[in-house]
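Examination of the molecular architecture
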Amino acid sequence: MIRLRPWKKADFEELLTWFSDEETFSRWSAGKFTWPLTMEQLLEYYERFEKDERGWIFAALDEGGALAGHLLMRKADYERNSVHFGFIVVSPGMRGKGAGKAMVQQALKFAGEILGMERATLGVFENNPAARHCYEAAGFAAEGITRDAFRYRGESWAVIDMAAKAK
């Protein structure tokens, strides 16, 4: 079982340990943070979304209440009843156990039941099949692809745009 709760500043200490290499980190951050990730970057991110009326940072907790994941909801559009998910990551010890799927499903439930949204969107790099599979298992479907969306060490990464019905 995965639960969602608002993110706390104290959670960042653990998040800092979740990325062991720059490429994996870049698939998560898409250039919005710089490697290596620092507490200063995370606190700036937290402060930005504390002031954003259309964005929220969430923590996923495992059955025992331990931090299991991170997810951002942003760009809440109350006219189109849509919200965008991003910065989705599962703690290393929870990967491959269905925690990502459960976290995203809980986020869809929150988006629908609490925020009153009908739709959620996200983007996933084409070269991240594990994440794409996770999102598909949670109910997301591809709607399009943006070629040359991100440059990493001379490579050009495409982003698959995905959407799901909020529950």
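Placed above this text is the structure.
The paragraphs below set out a description of the structure included in this document.

Rules used throughout
Residues numbered from 1 in each chain as written. Predicted model: local features only at pLDDT ≥ 70, side-chain atom pairs only at ≥ 80, totals over all residues. Heavy atoms only, no water. Helix = DSSP H or I, 4+ residues; strand = E, 2+ residues; numbered from the N terminus. Rg over C-alpha atoms; globule rule 2.2 N^0.38 Å. Buried < 20%, exposed > 50% of the residue type's maximum accessible area, 1.4 Å probe, protein only. Contact = heavy atoms within 4.5 Å. Expected span 1.5 Å × (residues − 1). Arc of directions from axis to C-beta. Pairing = 2+ DSSP bridges. Right-handed = clockwise from strand over helix to strand, strands pointing away.

1. Digging into the overall build of the protein
Summing up its helical and strand segments, the protein has five helices and seven strands in all. Along the protein, helices (α) and strands (β) appear in the sequence β-α-α-α-β-β-β-α-β-α-β-β when read from the amino end. A globule of 167 residues ought to have a C-alpha radius of gyration of about 15 Å, and the protein, at 15 Å, matches this closely. With respect to the principal axes defined by its C-alpha atoms, the protein has extents near 40 × 35 × 35 Å. Within the protein, the fraction of its 167 residues that count as buried is 46%. The contacts of the protein with a sequence gap of at least 6 include a subset with a gap of at least 24, amounting to 59%.

2. What to know about helix α3 (residues 39-50)
Its 12 residues give α3 an end-to-end C-alpha distance of 16 Å, which sits within 8% of 16 Å, the value for a rise of 1.5 Å per residue. Those residues of α3 not exposed but buried are M39, Q41, L42, Y45, Y46 and F49. Taken end-on, α3 shows its buried residues confined to a sector of 160°, consistent with a single buried face. Residues E40 and E44 are exposed on α3 and point more than 90 degrees away from its buried face. Buried-residue contacts for α3 involve α1 (12-15), β2 (56-61), β3 (67-77) and β4 (82-90).

3. Description of the pairing of strand β5 (residues 119-125)
Residues in a regular strand point their side chains to alternate faces of the sheet. Counting buried positions along β5 gives five out of seven residues, so the element sits mostly inside the fold. As paired strands, β4 and β5 are joined by three bridges and run parallel to one another. Counted as the bridge partner of H84 is T121 from β5. Taken together, β4, helix α4 (residues 99-113) and β5 constitute a β-α-β crossover, and its handedness is right-handed.

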